[in-house]
Every structure is written in structure tokens, then in C-alpha cells.
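# Coordinates in review
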Amino acid sequence: MTFKLVIIVLLFSFIFVTNGLYEDQAGKFDWKQNYIGEVKFSSIDVDVKTKRLYVATKKNVVASLAIDTGDIIWRQILEKGSDGSIELIHPTKSKIITLSGINIVKIRGWDVNDGYLHFEWSLETTNVLYWFVFNGLLHNVYSSNGLIVVDTYYIETGVKGKATYTFPAHWFNGFDRCALSSGSLACFDTANKLNIGSLTNANTQLLKVDTNGDQIKAIPGSPIPAFIVTNKNVEKLVYTKENKVHIRSLKSRASLFIYTYMADRHILLQISSPTQETIITEGSILEDATVIESLSSKETKKTMKISNPSISSVFCGRSKANTVNCVALVTTLDQSLMLLKMPGTIKWHREESLTSIINVELIDLPVSDIEAAIEKEFGNKDSFLDHNVTTGAFSMFVHRVFSQFQQLRTLIATVLGIIETPSSETIGTKSNLVRDQFGLHKIIVAVTSAGKIFGIDNLSGEILWSVLLCGIGQFYENKVDGLQLVPMYLIRNSKHLSFSPMSTLFLKNEDSENTVLFTFNPINGESKNGVQQLPYKVVQAVPLPVLNTDSVRSLVLFDSTYTPHLYPSNVPLSSKPPPIYIYIANSTNGLIQGFTVDVPISGEKFSAKEVWKTQFNKPTHIIAIGSRDAMEHIHSQGRVLSDRSVLYKYINPNMVAILTLAPDTMHKSVLTLHLLDAVSGIIIYSVVHKRASHPIHLVHSENWLLCSYYNDKTRRTEIASYELYNGNQQSNSTEFSSVGGSLIPPIVEKQAYILPGFLQAMKPTITEKGITSKHILMATTTGHLLEMPWSFLDPRRPLGEPKEEGAIPYIPELPMSSESMINYNKSLMRVDGIYTTPSSLESTCLVFVYGLDLFYTRVAPSKTFDVLKEDFDYLVIIIVTTVLLISAYVTKNLASQKALKQAWK
Amino acid sequence: MTSFKLLVCLFCIVISDFCISDSSYDSISNIYLEHELIPGAGFIKYNSIVVNLETRNDVISETIINDSDLKLLKELAFNNELYRLKVTVKTLSGKETSFLTFTKACLIIGSKFNDILTLHLDHLDSPFAVNLATTFSNCNNLHDLSTNKFTTTVFFRRPESSPVPDTATYIQKMEREREAREKGKSNNNKSMLGKYWMYILPLVIFMMIAGASNPETRQ
């Protein structure tokens, strides 16, 4: 008996370890891009041989980049959140020293060549005001007992230095009125006069500066104490040198940088960008304001979009022609990073805002012109509503001749080599942005928290276009977790031949809470009159089931007073939509309301009626709402049991899963999963998870749900799996209706599994027809992207003898085999989300993972059953078929001859 | 003796106090029902139900609705409008929470005023949602209505508790298997080939056939 079981287990283990990748397939269908995040501090290596620069970013990353290309040489990722936020970097000859953390501060030294950790020491401290390094000593400025205390430490060893200075508390009066630059503290006093005092020796006197101001900013990375003082929009540069204060007025608003050129000579660099395409640099000697001609330039580049550039670090040298040359690392408001060579050009450019994608969508490309012509010719009114197909015999004939002439022309052109075939290297150009046969080529539209939208080619990872949202609007913020939200709706897809696709973003007005709609073409990023200011705040937007006469899927927008509006307004609909039901959930006060809206065909004047309302009790927050993917199809309506009966799935298209989290006195926190019918407001099922805490992930697909959480009691990640069945009878079988539907609640199968690891994101695969089995993609904190078959998470896995065919016996721990890690050796750190979308091939699902790194791949959960393998031998099959045909023909002749001969005998 | 009585008394008071403070975790005391008979005209109160959650998990309440309301309800059903019900739940501490639910008006008539109200309670026994359903879900025979008695059954539903990874049973199963294996070992100490030849032989044959039919291995 046991042997049988072992055999079964062995057999199953053979079945499932087939997800691996051959070595030569690596990088064929997938790509990965490494990023570092928005740069906070940087330093350019003075050593000319190594040609490197070192950066510390807001994503808690320390990295080294090559000066010539901008490629990452090494990258180290520190702790997540405030525990790992880098407060200071200090480059030495062989090490990069970083200081990270807020209360427990860790000082680490990284090797400049390979990023290995050389040393680490930590320090517990509170009320820290500033950190700075002076003469190789780390200075910790903190307030204590009404004094400002400065402690010193040897930066490599952590040994406390002899010197400890104290200063009167009135020196510091708030971070908004003070700034620290190169060991000197500058503050406005009560009369708005500036005082500067050095914190690097015990008995310094405050230097009184005869200037007024309302804002002060330190110039980052300045070798001498230098500040920008703003007084009623007039900027002045204040710096001290040899205990004397100098004031220099600034003409234009620009970002400044001071570089020590010679012993007592400093270069003042200024950079500004009056328009998005131009970048202006100015260089002068700080002391006598002599303009350095070689560093002053004005450049215009059409392809670039630069907003608010600022210099992060500079390296200057003297060229052979005895002019000063500099390279400057420039960061911009939209978090891009570039290396500017002065005089000269932008050497390279990195889009670091791609580390903070907040919404992403993969959008189908439009069909090519030739195919569009064919579609037009054979298209009927049902599938293509947007163009008027002429039905007259003559016009159809003209159509046919015209399109065939076009096809012939393209064919000749291809044969003569005038037009390159689409498979050539020029992916990304306009002519190649067309749909391929299998729907594998799409465009990734990503909105980043820096306010930039990107269009990325999914096959190559190349950025095709980018749009800056500054000046258009900001993002709304989720009140529960403080994350930025930007709803995006594809209101017209690429299937309409005579119209270009349209996507709409919901942004917040910069001055009020009202909504701004930004509509653009997701294929090329173009937007014609795309900005629309609404006089209200949108709380919910729902697409209608019918299109309007412009082939746009109209949206019903709910404002904060629950009044519905139609967008785009004033365009009548193509047909009368059925009454639609909309729900609005308020995550902070736990209120969910259901409304019904009857939109008239004209799209004008309609109202909403509240039909149901649920109210969670006060400290309960709604943390996630999981609805099934709108594109999802369920192929199989039931599950065949071992006794040949069918267990019907409970498939309710209106069901959404709601996760609420409430603090609890006994169980710390209680996570509740409610299944709600969003039309009728009926709670189908609710289940309580005690002592569950973040990270929490929810997956809702087909008739099952997965909820992963951290169990505080057992200290591990658990995945609760739920599956809903109707039983042996299919209720609601003829026509599904949520209103007045069946009273009988579905049968809920439940089971819990242990995941040996911590999840960052979880998402099910999705295919076009839903025939392919489902796999769950899980991104773990160790950097793996795990492809787990759903059958492992099936709540019906039997604990005893297997009752159903193909059922895997229950094992509490989920397997994490290395074959199922689809990102093989390309670790994915800090994953924010996974996006899956179907291709036109039933077997294949496209996957895009975003976070600190971007990763794109495709998965085939049931293997590529509809695609021939790449190593398929076409030649052999042709030879075999021809040989068979010929031999059949020959033998047929021979046989007839033989029959004839026999007949004569 | 008296001191003992006093002690018992004190004990009783403490216990009862404790019990009350525990059970009166803001338990539900009353449910008020209001329905809307003219679309958009507002809600009219028609029933109030007293609830004691400690004793029963379902309550049946009957009420008579007057003829004018019946007429309005019929009209609502003939126009295929929605019947909206506002449910206000009052707790012992006096806190009121109102919920809204609906169904088709014709279903109310079709089920002869037999409706089921499900009150969903969270893990602390406080309500968060109310659902309305009818005993029959047909909209036919709206005419032969013989009653004006409204029968409302109130059910209370609490959330289930989550599944936990069943490690204990699994470990037991593994233990049993291990024991069985050890037992099997002590019983017959024939060689592995001698014991499992019936499994190995077909496997070998199968592999031989597979190897012979695979051209790559021959090369």
C-alpha cells in the first residue's frame, strides 16, 4: 500500500517538474531591466581609470554606474521603508560609506569595485537633526536637554571621537527655517535674519548675515557652506569662506552646484530648463563671477522631456586646449537621471521613475493597414460598428479590387526589398507597431508616481514614448495605505479600424479635489485636447456595456454626491443599455453602497437610485476588493467526480471579494473575507482569519479565491484557499440573475496551505478562452517568481486516499521547486505587482512584473499545445509527406498494373 | 455564616456583572423595518422586531399591512419596480445603524408576503449587512393574493472561521506510513528485487520498448 502511494507521489512529481527552461531559451521570450530608483545622493569617482559613479536612491539602493554608459555595475538593496532610508553617503578611496535608518542607524562600507560589504556598525540615537562627515569623522547633530549636541565617530570603526560639542538650542529652530551645508548650520532667527554657525569646533560664534529671507535651502554636496536664501521670490546665494560671509545675487531660477576646482577657487554651475526640450548650463568662478565660456551652453533636443533639472554631482577637469570640462549627473523632477557632458551633450539617460509604477496595462496593437483593408472588405456591421460598410455590389467590387491591388503592391515591394519585413530589427517604429498573428506583440502603458506615462514595447522593453503629466494633474491618494492611485480605463480598444484607441486617466486637480480626465492614445502617447477638467470629484467610474456612436465605451462617473454623469458627454449611445448596478466602497469608513442607474440612449439626464447599503463597524478598514478579471472566461462549468457525477461550479459574474481588516483586543487584528454580490448586495459568504496581518494578497478568479496573509500566531505565511460550488444541480442555469436569485448559498470548500517564504505579489494567469489550466504567479521576497499550478492550492486536495482522478494528496506545505521559478537566475527585488494578460494563443499568457526591476515573460500553464516547437523539423515533414504522396501514387499505378496483369491471366 | 452569605452575594454580583459586561457587547435588541411603496417618496415604517440574540438565532414576526399600502405594493409589482427596504438595527446601548436592501416588488407579492431577512454579524456580533430574500422566486400569479399578513423571518449569520493548515493529520499520516514501512521491513526481509519484481519488470520492459522506439538513443 505504502509503496503504491510512494509510486503515485513519484509519478506526480514527474508530472509537475516540467516547467523548466532550456539554457538556450533564456532571454528569448523574456527581458529584465534593472533600475535603482530616484537618486538622492551621488558621487563621481575622481579616479579616471575606473570611470564610475556611485548613487544612493530613495528606493534604499546603493549602486555603482558606469560613467560612459549608465549601466549598473553593482547594486545593493538595503532594508525596505524607513529602516533602510539612506541619509548620507561618503565616498572614500576604496569604499562607499552609507548611513541608513532612522532610530537605529547602520553605517556600512561597500567596496567600490564589486559592492561587497566591508564593514558595518550601528548606532542607536534619537532626536537626530543632521548627519555630516567632516575630516573623516561622522558628526551626529542631535538635540538633547535643550542643547544641540554634536557627537563624532570614526566612520570606519564606529569608535567615538574625543570631540563632542554643545551649542545653545536657539541655534536651531525647525527644519523649514534651517539648513546644514558642509558642517555649518544656517538658520533664520525670529526677525528673519540669517545666522550661520559652524558645528565642527567647540567655540564658534554665530555669523550674523545682513539679509532677510523666508526660505533657505542648502546646496547639496557643496564643499563650502553655501545656501540659497529666497526672499519674496528673489533668490540669493549665501556662502562662507574663511569665516566671512559672501552674498551673490542670482539672476535666473536655476539649480546650483559648487565644485572645488583649485585650492581657493570654486566653480559655480547652474542648470535650468525653461521649456521641456531645452537645457541651459552656465559656469562661472564663484569668487569673482567670471563666466567660464566652455561650461555655458544652451541645448535643444526634441526627443527629450526635461523638467526641473538639478545637479547631483560634478567632476571637472582641464582639457588639452586649457579649457574646463565637466561631467554632471543631473536628476529631474520626473526622476530621470542623465549624465551631462559640458560642453557637449547628454551622454546617457535613465528613466528611474519606472521603479514606481502605480498602474499598468498591456494594450493590443492595431491591425496593419493591409489587414484593415481586408477587414473593411469582409467586415460586417456586427463586429465593426464604426465604419459604414457599403452593401452595394459595385462598391464592394471596387473595394475588393482596391484592396487586392494594395496587397499585390506590398507583395511586390516586399519581394523587391523596398519594404523591410516586420521581423527585422526596427521594432518600435511606427510601421511595426501592428498586431501580430498570435497577439503576442502589445504595448505596455505604465503610469509612474513621478507623473510620467510610458509606452513600452513588450517584446524588446524599449521605451516608445513618454508623456509628462506635470501641469495636467496629480494623483489621488489611498487613505488607508497612503499609496497613490490612478485609475486607467481603455475606453476604445484597438479593434476599431477607423478610430484610434483611447485610454483615460483619472487625475486630481492641482488646486482642488476635483477630477481631471486625461485622454490619450496608448499606442503613441498622443493626446489631442485630451485634458478635461470636471467640476466634481469622481468616486467611481464604470464602463457601460454598450458603445456610443463614436465607438467609445462610455463611462458612468459618480461624483461625491452620488450623482451619475456620462463621459464622454453629449454623444448618444449606439443602443439602449440595460439598467446597470454600481457599487461604491469607502475604504476608510467601511461603507459600501449599491446603486442602480438606467442610462437613456441619448446619454443625457439620468439619476441613480441607492438600492443597498452595508456598513462595516468603525475601526474596520476595507483593504482590498478583488473582482474577477473582466477578460476572463470560464470554459468548464463543473468538475467531474470519481463517481461520474458533476459538481457544478458556482459562477457568479457579479461576485466580488472584500477584505476587511479590523484591530482586535484579543487577536491583534482580524482579517475578514466577505463575498458580496455587487448587484443585489447579498453577502454570499464571510470568513474570519484571526491574527492575520500584512502582507495580505487576494486573488479572485473563476469560482475560487486565494487569500495570503502573515499569521502572527504561527509566524508564517499562510494561503487560505476557497472554492465555491453549486452542488449536483446547476441553479440559475438558463439565465443568470442576481436580483431575486437563488436563496441557497453555495457550498464553500476551504483549505489552508503554508508557503515557505514571504509574498510580495500574487496573480493568476489568464488565457483567452479559459481552457488552459490556471497557474498562480507569486513573487517572493527572495526575488523568485514562482509559477504554482492551482491544483496545488486546490481546497479539495484529499487528506486520505485520493477520491478524484488527478487529485494530489494534501501536503500542508506548498512546494517551491526551482524548476517552477520562471525568472530563473534573474532575481526580482521589491516587486510591486504582477500584470497578466491573454494573448491570442490559448496556451500563452503574457506576464509583466514591476517593482524595482521590470520583467516581462510569457507563460504557458498547460504547455504550448497550440504552437509547434521551435525545433520542429519542417524539412523532415515535407520530405516524409512528399515521399508518401509519391509512393502512394507509384504503388497505386503498380497495383493497377498488377491487377491488369492478373486479369489477363 | 452571614459573612459567607455576603461573600457568595458579592461573588454573584461580580459574576453577573462580568457576564453582563461580556454579553452586552452591544447586542442587538430591536430591528425596525421601513419600506418604500412609491418610488422616491421615502420610507414608511411598518414593523419592528424585538430580538434576543442569546436565546434564538432566528425570529419570525408577523404584521398586517393596511389596504392602501397593499394597493401601492401591487402597483409597484405591476410596474416591475424595485421594493426597497430600510432596516435599522438598534443595540442595547442605543446605537442605531441603518442598512438598505431590495428585491423586485413582484417577488414580494409572488411569495405572498413571506420574506426572509438575513442579518450578517461580524466576529464581534455586530451587524454589518442585511439581505432581503423571498421564499418563492416567481413573479407569476400576482392577482390571487388572499392575505395581507406580512411574515418576516429574520436569520442571523455569523462568519465562519478560517481554515488552518492541517499539519497534525499530515504528520500522523506520515507517522503511520513510516510505521507501516518499518513493519513491512521486519516481516519479510527479501531483497528489493525479490519484493517488487512485479513493479520493476513492467517498468524495465516499458523502458526497453521506449528506448527501442526512440531513434535518438540508437544513434
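Computed from a prediction, not measured in an experiment: that's the story for all the values here. (Residues numbered from 1 in each chain as written. Chains lettered and ligands numbered in written order. Predicted model: local features only at pLDDT ≥ 70, side-chain atom pairs only at ≥ 80, totals over all residues. Heavy atoms only, no water.)

### Observations regarding the overall build of chain B
Operational definition: Here a helix means four or more residues in a row that DSSP labels H or I, a strand means two or more in a row labelled E, and each is numbered from the N terminus. Partly exposed residues are those whose accessible area sits between 20% and 50% of the maximum for their type, while under 20% is buried and over 50% is exposed, using a 1.4 Å probe and protein chains only. Working definition of accessibility: Shrake-Rupley area with a 1.4 Å probe, residue cover restricted to the visible protein chains.
A tally of helices and strands in chain B yields six helices and nine strands. Within chain B, buried positions represent 36% of all 219 residues. Total accessible area computed for chain B in this model is approximately 13,400 Å², and 59% of it derives from carbon and sulfur atoms.

### Notes on the packing of aromatic side chains
Stated formally: Centres within 6.5 Å make a pair out of two Phe, Tyr or Trp rings, where for Trp the six-membered ring is used; the pair is then stacked when the planes are under 30 degrees apart, edge-to-face when over 60, and tilted otherwise. Whether a charge sits over a ring comes down to the Lys NZ or Arg CZ being within 6 Å of the ring centre and within 35 degrees of the ring normal.
In this structure the tally under the stated criterion is 21 aromatic pairs over all chains. Where A:Y581 meets B:F102, the ring centres are 6.1 Å apart and the plane angle is 20°; that geometry is what we call stacked. On the criterion of chain membership, the pair formed by A:Y581 in strand β43 (residues 580-586) and B:F102 in strand β5 (residues 96-104) is interchain, its members lying in two chains. Given a relative accessible area of 3%, B:F102 falls into the buried group. Centre to centre, the rings of A:Y710 and A:F758 are 5.9 Å apart; their planes meet at 35°, and the pair counts as tilted. Residue A:Y710 is located in strand β53 (residues 704-711), and its partner A:F758 is located in the loop between β55 (747-755) and β56 (759-764); the two are separated by 48 residues in the primary sequence. Grouping aromatic residues by their ring pairs yields a cluster made of A:W31, A:F848, A:Y850 and A:Y856. The ring centre of A:Y725 lies 5.8 Å from the NZ or CZ of A:R796, which sits over that ring.

### A closer look at the nonpolar core
Proteins that are soluble and globular tend to have nonpolar side chains buried together. Inclusion rule: Put simply, buried Ala, Val, Leu, Ile, Met, Phe, Trp, Tyr and Cys residues joined by side-chain atoms within 4.5 Å make one nonpolar core. We call two residues in contact whenever any of their non-hydrogen atoms come within 4.5 Å of each other.
Ranked by size, the top nonpolar core spans 32 residues in total, and within it B:I31, B:L73, B:Y83 and B:F156 carry the most contacts. Those elements that place two or more of their residues in this core are β1 (28-36), β2 (44-50), α2 (67-78), β4 (82-91), α3 (105-110), β6 (114-121), β7 (127-134) and β8 (149-157) of chain B. Excluding its chain neighbours within four sequence positions, the residues that come into contact with B:I31 are B:N47, B:S48, B:I49, B:V51, B:V87, B:T88, B:L119, B:V154 and B:F156. A:L269, A:I279, A:I311 and A:C326 belong to the second-largest nonpolar core, a separate cluster that totals 23 residues.

### A look at a nonpolar patch on the surface
Residues and elements named next belong to chain B. The condition that has to hold: Like charges within 9 Å and nonpolar side chains (Val, Leu, Ile, Met, Phe, Trp, Tyr) within 5 Å are joined into patches, using only residues over 30% in relative accessible area that form no salt bridge. Take a side-chain nitrogen of Lys or Arg and a carboxyl oxygen of Asp or Glu: if they are within 4 Å of each other, that pair is a salt bridge.
The grouping of W197, M198, Y199, L201, I205 and I209 at the surface amounts to a nonpolar patch, some 630 Å² of accessible area in total. Inspection of the secondary structure puts M198 in helix α5 (residues 192-213). A residue is classified by how much of its surface remains accessible, and M198, at 41% relative accessible area, is partly exposed.

### Re the interface of chain A and chain B
Just so we agree on the cut-off: Summed over both partners, buried area is the accessible surface (1.4 Å probe) that two parts give up on being assembled. Side-chain atoms alone can form a polar contact between residues adjacent in sequence; in general such a contact is a pair of N or O atoms within 3.5 Å, and within protein one must be able to donate a hydrogen while the other accepts it. Under the scheme applied, nonpolar residues are Ala, Val, Leu, Ile, Met, Phe, Trp, Tyr, Cys and Pro; charged residues are Asp, Glu, Lys and Arg; polar residues are all the others, including Gly. We treat two strands as partners when DSSP finds at least two bridges between them.
Facing the 49 residues of chain A at the interface are 45 residues of chain B. A buried area of about 3,900 Å², summed over both sides, lies between chain A and chain B, and 62% of it is on carbon and sulfur atoms. Taken together, the connections running from chain A to chain B amount to one salt bridge. Two residues, A:K750 and B:E160, come together in a salt bridge whose shortest N-O distance is 2.9 Å. Our count for the contact surface shared by chain A and chain B stands at 16 residue pairs in polar contact (both at pLDDT 80 or more). Looking at the side of chain A that touches chain B, the elements that each hand over two or more residues are α1 (2-16), β45 (608-615), β49 (655-664), β50 (668-677), β51 (683-690), β54 (716-727) and β55 of chain A. Partitioned by chemical class, the residues of the side of chain A that touches chain B number 29 nonpolar, 13 polar and seven charged. One ladder, built from two bridges, connects β51(A) with strand β9 (residues 160-161) of chain B; its direction is parallel. Directly across from A:V687, in β9(B), lies its bridge partner B:E160.

### Section: the pattern of salt bridges
Residue and element names in this part refer to chain A. All told, the structure shown has 30 salt bridges over all chains when counted by the stated rule. Notably, a salt bridge pairs R75 with D853, separated by 2.7 Å at the nearest N-O pair. Of this pair, R75 sits in strand β5 (residues 72-77) while D853 sits in strand β61 (residues 853-859), and the two are 778 residues apart along the sequence. In this structure, the salt-bridge partner of R628 is E632, at a minimum N-O distance of 3.1 Å.

### Some remarks on the sheet that holds strand β40 (residues 538-547) of chain A
Residue and element names in this part refer to chain A. Put simply, the rule is: A fitted line through C-alpha atoms serves as each axis, taken over the contacting stretch for helices, and the angle formed by two N-to-C directions is quoted from 0 to 180°.
Spatial strand order, β40-β41-β42: three strands in an open sheet with antiparallel pairing. Taken across any chain shown, the strands that pair with only one partner, and hence form the sheet edges, are β40 and β42 (564-567). Across the sheet, the mean angle from the axis of one strand to that of its neighbour is 30°, orientation sign disregarded. Where strand β41 (residues 553-559) and β42 come together, four bridges link them in antiparallel fashion. Looking at the pairing, V556 lines up with L566 of β42.

### Remarks on the UniProt feature "transmembrane region" (unreviewed entry) in chain A
Spelled out, the test is: UniProt positions are given in the numbering used here, feature names are shortened, and annotations may be inferred rather than shown by experiment.
As recorded in UniProt, the sites labelled "transmembrane region" (unreviewed entry) are residues 872-891 of chain A. The span residues 872-891 of chain A is 90% helix and 0% strand, and its two end C-alpha atoms sit 29 Å from each other.

### Topic: the state of the cysteines
Residue and element names in this part refer to chain A. Our working definition: Here, the term disulfide refers to a pair of cysteine sulfur atoms separated by no more than 2.5 Å.
Overall, the coordinates contain two disulfides over all chains when judged by the stated rule. The disulfide partner of C178 is C187, and the gap between their sulfur atoms is 1.8 Å. Because the sign of the S-S torsion sets the handedness, a value of about 110° for the bond joining C178 and C187 places this disulfide among the right-handed ones. On the basis of relative accessible area, C178 is assigned to the buried category, the value being 4%. Here C316 pairs with C326 through a disulfide, and the sulfurs are 1.9 Å apart.

### What to know about the environment of A:V611
Within the secondary structure layout, A:V611 lies in strand β45. Note: C-alpha distance between A:V611 and A:I582 (29 residues apart in sequence) is 9.8 Å. Once residues lying within four places of it in the same chain are set aside, the contact partners of A:V611 are A:Y581, A:G594, A:F595, A:T596, B:L82, B:R84, B:L100, B:T101 and B:F102.

### Describing the pairing of β43(A)
As a general feature of sheets, a regular strand has side chains that alternate between the two faces. All names here are of chain A. Note that β43 and strand β44 (residues 591-597) share seven bridges and pair antiparallel. Within β44, the position partnered with A585 by the bridge is I592. Taken together, β43 and the strand that follows it, β44, pair antiparallel across an intervening segment of four residues, in which G590 is found at a positive phi of about 70°.

### Section: the confidence of the model for chain A
Residues and elements named next belong to chain A. How we decide: pLDDT: the predictor's confidence for each residue, scored from 0 to 100.
Taken residue by residue, chain A gives an average pLDDT of 82. The fraction at 70 or more is 92%. Confidence, expressed as mean pLDDT per element, reaches its minimum in chain A at α1 with 55 and its maximum at helix α5 (residues 874-904) with 93. Between residues 421-429, whose pLDDT stays under 50, and residues either more than four places distant or in other chains, the model counts twelve contacts.

### Notes on the sheet that holds strand β27 (residues 324-331) of chain A
The strands that make up a sheet are held in pairs by hydrogen bonds between backbone atoms, and each pair lies either parallel or antiparallel. Residues and elements named next belong to chain A. Pairing is antiparallel across the open sheet formed by four strands, whose spatial order is β26-β27-β28-β29. Of all the strands in the sheet, the pair left with one neighbour each is β26 (310-318) and β29 (346-351). Going across the sheet, the axis of each strand differs from the next one's by a mean of 10°, ignoring polarity. As judged from the six bridges shared by β27 and strand β28 (residues 336-342), these two strands associate in the antiparallel manner. If you follow T331 over to β28, its bridge partner there is L337.

### Considerations on the pairing of strand β3 (residues 58-64) of chain B
Residue and element names in this part refer to chain B. By the alternation rule, side chains of β3 split into V59, S61 and T63, which are all buried, and D58, I60, E62 and I64, of which none is buried. The pairing of β3 with β8 spans seven bridges and is classified as antiparallel. By the bridge assignment, V59 is partnered in β8 with V154.

### Looking at unusual backbone geometry
Residues and elements named next belong to chain A. Between Y567 and P568 the backbone carries a cis peptide bond, its omega angle lying at -5°. Structurally, the position occupied by P568 is in the loop between β42 and β43. Between H694 and P695 the backbone carries a cis peptide bond, its omega angle lying at 5°. The backbone of N135 sits at a positive phi, close to 55°, despite the residue not being glycine. By secondary structure assignment, the location of N135 is in the loop between β10 (128-134) and β11 (137-144). Unlike most non-glycine residues, E702 shows phi in positive territory, near 45°. What makes E702 buried here is its relative accessible area of 11%.

### Quick look at the side chain of B:T97
Locating B:T97 in the fold gives a position in strand β5. Relative accessible area serves as the criterion here: at 13%, B:T97 is assigned to the buried category.

### A word on the side chain of A:T331
Its place among the elements puts A:T331 in strand β27. Take A:T331: its relative accessible area is 15%, and that puts it in the buried class.

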